[in-house]
Amino acid sequence: MNDESFLHKAFSLYYDGFRSMTLGKTLWAVILVKLFIIFVVLKLFFFPNFIGQHAEKGQEPEFVASEVLGRTP
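Residues numbered from 1 in each chain as written. Predicted model: local features only at pLDDT ≥ 70, side-chain atom pairs only at ≥ 80, totals over all residues. Heavy atoms only, no water.

**Looking at the overall build of the protein chain**
In step 1: The helix and strand tally for the protein chain stands at four helices and zero strands.
In step 2: Scanning the protein chain from its N terminus toward the C terminus, one meets helices and strands in the order α-α-α-α.
In step 3: Taken over C-alpha atoms, the radius of gyration comes to 23 Å for the protein chain, far larger than the 11 Å a tight globule of 73 residues would show.
In step 4: Summarising its shape, the C-alpha atoms of the protein chain cover approximately 65 × 30 × 30 Å along the three principal directions.
In step 5: Computing the positive centroid from 7 side-chain charges and the negative centroid from 7, the protein chain places the two 11 Å apart. (Helix = DSSP H or I, 4+ residues; strand = E, 2+ residues; numbered from the N terminus. Rg over C-alpha atoms; globule rule 2.2 N^0.38 Å. Lys, Arg positive; Asp, Glu negative; His and termini not counted. Charge placed at Lys NZ, Arg CZ, Asp CG, Glu CD.)

Structure representation (structure tokens):
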């Protein structure tokens, strides 16, 4: 019986699969570029640090609580 560990078998499976890909490499590159855009570019331009700009240092929980309680109908 072969004494290779599960991790070694899993690594060799994925390594061989990615090595023989042609179209898959391009698709993975597209996926990684999209993830970069989603998590970095959109965060920088569309989701500013609102709490950090409006709350005093160390008073962030109180600021959030007052905003949440103040906006309830």
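**Some points on the environment of Leu 42**
In step 1: Take Leu 42: it is sitting in helix H2 (residues 23–46).
In step 2: Sequence separation of Leu 42 and Ser 20 is 22 residues, and the distance between their C-alpha atoms is 34 Å.
In step 3: Sequence-distant contacts of Leu 42, defined by excluding residues within four places in its chain, comprise Ile 37 and Phe 47. (Contact = heavy atoms within 4.5 Å.)

**Looking at the packing of aromatic side chains**
In step 1: Taken as a whole and assessed by the stated rule, the structure comprises three aromatic pairs.
In step 2: Judged by centre distance (5.8 Å) and plane angle (20°), the rings of Phe 11 and Tyr 15 are stacked. Of this pair, Phe 11 and Tyr 15 both sit in helix H1 (residues 6–19), four residues apart, which is roughly one turn of the helix.
In step 3: Assessed through its relative accessible area of 45%, Tyr 15 is described here as partly exposed.
In step 4: Arranged with centres 6.3 Å apart and planes meeting at 40°, the rings of Phe 50 and Phe 63 form a pair that is tilted. Here Phe 50, found in helix H3 (residues 50–54), pairs with Phe 63, found in helix H4 (residues 60–70); they are 13 residues apart in sequence, far enough to count as distant.
In step 5: Take Phe 50: its relative accessible area is 42%, and that puts it in the partly exposed class. (Phe/Tyr/Trp six-rings, centres within 6.5 Å; stacked < 30°, edge-to-face > 60°. Buried < 20%, exposed > 50% of the residue type's maximum accessible area, 1.4 Å probe, protein only.)

**Things to note about H2**
In step 1: Over its 24 residues, H2 extends 33 Å from the first C-alpha to the last, a length consistent with the 34 Å expected when each residue adds 1.5 Å.
In step 2: Along its length, H2 shows its largest kink, about 30°, at Ile 37. (Expected span 1.5 Å × (residues − 1). Bend = angle between axes of the 7 residues up to and from the residue.)

**Notes on the confidence of the model for the protein chain**
In step 1: For the protein chain, the average pLDDT comes to 85, and 93% of its residues sit at 70 or higher.
In step 2: No element of the protein chain has a lower mean pLDDT than H3, which averages 84, and none a higher one than H4, which averages 89. (pLDDT = per-residue confidence, 0-100.)

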